[in-house]
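# Understanding the architecture of this molecule
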Amino acid sequence: MLLKVAIVGTGHMGKIHLGKLHAFKGVRVAGIVDIDPLAEREAAEAGLHVYPDLAAACADPAADFFFICTPNEVHRPIALAGLAAGKHVITEKPAMLNTGEIEEVMAAAEAAGRKFIVHQNRRWDEDYLVMKALYEDKTLGDVTFIETRVDGSRGIPGDWRRDPNRGGGMVLDWGVHLVDRLLCMVPSPVLTVYGRLSYALGAPVEDGFTIYLTFANGVEALVACTTDNYAPRAKFHMTGTRGTATVDDWEMHGKIVRRVADVEPDAIPIVAGKGMTKTMAPRIVDYAQLAKVQDNVEVLPLPRIDSDIHDFYRNAIAAAEGVTEQAVSTASVARCMRVLEAARRSHETNSVVDLSAIDSYLEA
Ligand SMILES: NC(=O)c1ccc[n+]([C@@H]2O[C@H](COP(=O)([O-])OP(=O)(O)OC[C@H]3O[C@@H](n4cnc5c(N)ncnc54)[C@H](O)[C@@H]3O)[C@@H](O)[C@H]2O)c1
């Protein structure tokens, strides 16, 4: 079966999806919709069909799918228009601006008998897949703490991403990735959320955030994003009862350091700063060589996990054909949005938000 996709919004992400979709045998790009004449001209020059407007794309029986790659505030009306016209819709992240909008579009998809799929592409990132595997196979013993973060120093890009009315700000930009992956990784309901948003750069939207989560299974997590940080910290730092693993950067540098024997030899105190410490005495390890020198630990390289983002498109196509479940459930996307809304509420009230009566674990 040949599926025909209309791309709505051909900016940065729209172009990326156009490139990827062209590689698929079972997919044809039916056309594009954009409100920018320059984008329309570029698409026409590239030989693509350009719909005069969204209504024309809705009316085209040759388009099965809408792939919505516009700024965030128009995901909802475009998705609703597409579903009402009988199209399946994929939206870029964030799916919508809030949980209410997501639930409205979920209901519209249900009523139309069409798919509503969100491009949570970072579920295919290797750093996440490796950490999830380490969590699940208990390489570090029972995981107790996870820190997941992205650090940048270039501020918020100066377009719609700085506008609170257009879904700007880092919570809807990176929060929807980092919290989403954490919720997929820890198989447990969230108990509490404490969030602090950062306005250090003076923009009308948050330029970063720190969110602290506790889970019913005892795991705690810190999720953070900065745009004013010139010395990025490890993207993942995960500790368990037997060891710690880090992913330091986008290139998958990092390590696993874990205890070898159950019985710990007594530590030798060291001189540190202007004092003495035994508790904080470092273990003697040559991290550059990924080697233990002494002291009851082993240092291992991170495993590598191959993943292919094309699987996202393959799954969306198969889900639309009714031969498989969609890989990214909209219920899981709504759950993530509820946690992010709790983090914003926590910031506004400077209090811990209790989700224990509301949240439950959902697979993918
Ligand atoms: N998944 C990811 O990794 C990732 C990365 C970047 C951006 N995104 C998401 O992709 C979406 C687009 O981001 P971008 O960086 O490509 O933005 P962009 O500004 O580069 O492109 C947006 C395009 O949409 C067009 N547009 C605006 N309103 C429209 C409307 N009503 N109808 C049709 N076209 C319209 C604009 O003219 C522009 O061409 C956002 O939701 C963003 O959050 C996702």
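As far as domains go, the protein holds domain 1 (3-119) and domain 2 (123-300). Inter-centroid distance (C-alpha atoms) of domain 1 to domain 2 is 35 Å. Roughly 700 Å² of surface becomes buried between domain 1 and domain 2 when both sides are summed, with 57% attributable to carbon and sulfur atoms. Seen at the junction of domain 1 and domain 2, the total is two salt bridges. Arg166 is the salt-bridge partner of Glu73, the closest N and O atoms lying 2.9 Å from each other. At the junction of domain 1 with domain 2, the criterion picks out three residue pairs in polar contact (both at pLDDT 80 or more). Among the residues making up the side of domain 1 that touches domain 2, the classes are represented as four nonpolar, one polar and two charged.

Another point: the sheet that holds strand E4 (residues 88-92). Here we have five strands laid out as an open sheet, ordered E2-E1-E3-E4-E5, and parallel in their pairing. Each end of this open sheet is capped by a strand with a single partner; those strands are strand E2 (27-33) and strand E5 (116-119). Across the sheet, the mean angle from the axis of one strand to that of its neighbour is 25 degrees, orientation sign disregarded. As defined by bridge partners, strand E1 (residues 3-8) adjoins E2 across six bridges and the pair is classed as parallel. Opposite Lys4, over in E2, you have Arg28 as the bridge partner. Its contacts with the sheet put helix H4 (residues 75-84) on E1, strand E3 (65-68) and E4, and the angle it makes with E4 is roughly 165 degrees.

Right, let's talk about a nonpolar patch on the surface for a bit. Taken together, Tyr194, Tyr212 and Val352 make up a surface patch of nonpolar side chains, about 250 Å² in accessible area. Residue classification places Tyr194 among the partly exposed residues on the basis of a relative accessible area of 31%.

Another point: the pairing of strand E8 (residues 208-215). Within a regular beta strand, the side chains point alternately toward one face of the sheet and then the other, so they alternate between its two faces. In terms of burial, E8 is a largely internal element, six of the eight residues being buried. In this sheet, E8 lies alongside strand E7 (residues 190-198) in antiparallel orientation, the contact comprising eight bridges. In the sheet register, Tyr194 faces E8, and the bridge partner there is Tyr212. With six bridges connecting them, E8 and strand E9 (residues 220-226) associate as antiparallel partners. In the strand pairing of E9, Leu213 is matched with Ala221. Here E8 folds back onto E9 in antiparallel fashion, the turn holding four residues, of which Gly218 has a positive phi close to 100 degrees.

So, how was this worked out
- Residues numbered from 1 in each chain as written.
- Predicted model: local features only at pLDDT ≥ 70, side-chain atom pairs only at ≥ 80, totals over all residues.
- Heavy atoms only, no water.
- Domains from an automatic or database assignment.
- Buried area = accessible area lost by both parts, 1.4 Å probe.
- Salt bridge = Lys/Arg side-chain N within 4 Å of Asp/Glu carboxyl O.
- Polar contact = N/O pair within 3.5 Å; in protein donor to acceptor, adjacent residues only side chain to side chain.
- Nonpolar A, V, L, I, M, F, W, Y, C, P; charged D, E, K, R; others polar.
- Pairing = 2+ DSSP bridges.
- Helix = DSSP H or I, 4+ residues; strand = E, 2+ residues; numbered from the N terminus.
- Axes fitted to C-alpha atoms, helices over the stretch in contact; angles between N-to-C directions.
- Contact = heavy atoms within 4.5 Å.
- Patch = residues over 30% accessible without salt bridge, like charges linked within 9 Å, V, L, I, M, F, W, Y side chains within 5 Å.
- Areas by Shrake-Rupley, 256 points an atom, 1.4 Å probe, with all protein chains shown as cover.
- Buried < 20%, exposed > 50% of the residue type's maximum accessible area, 1.4 Å probe, protein only.

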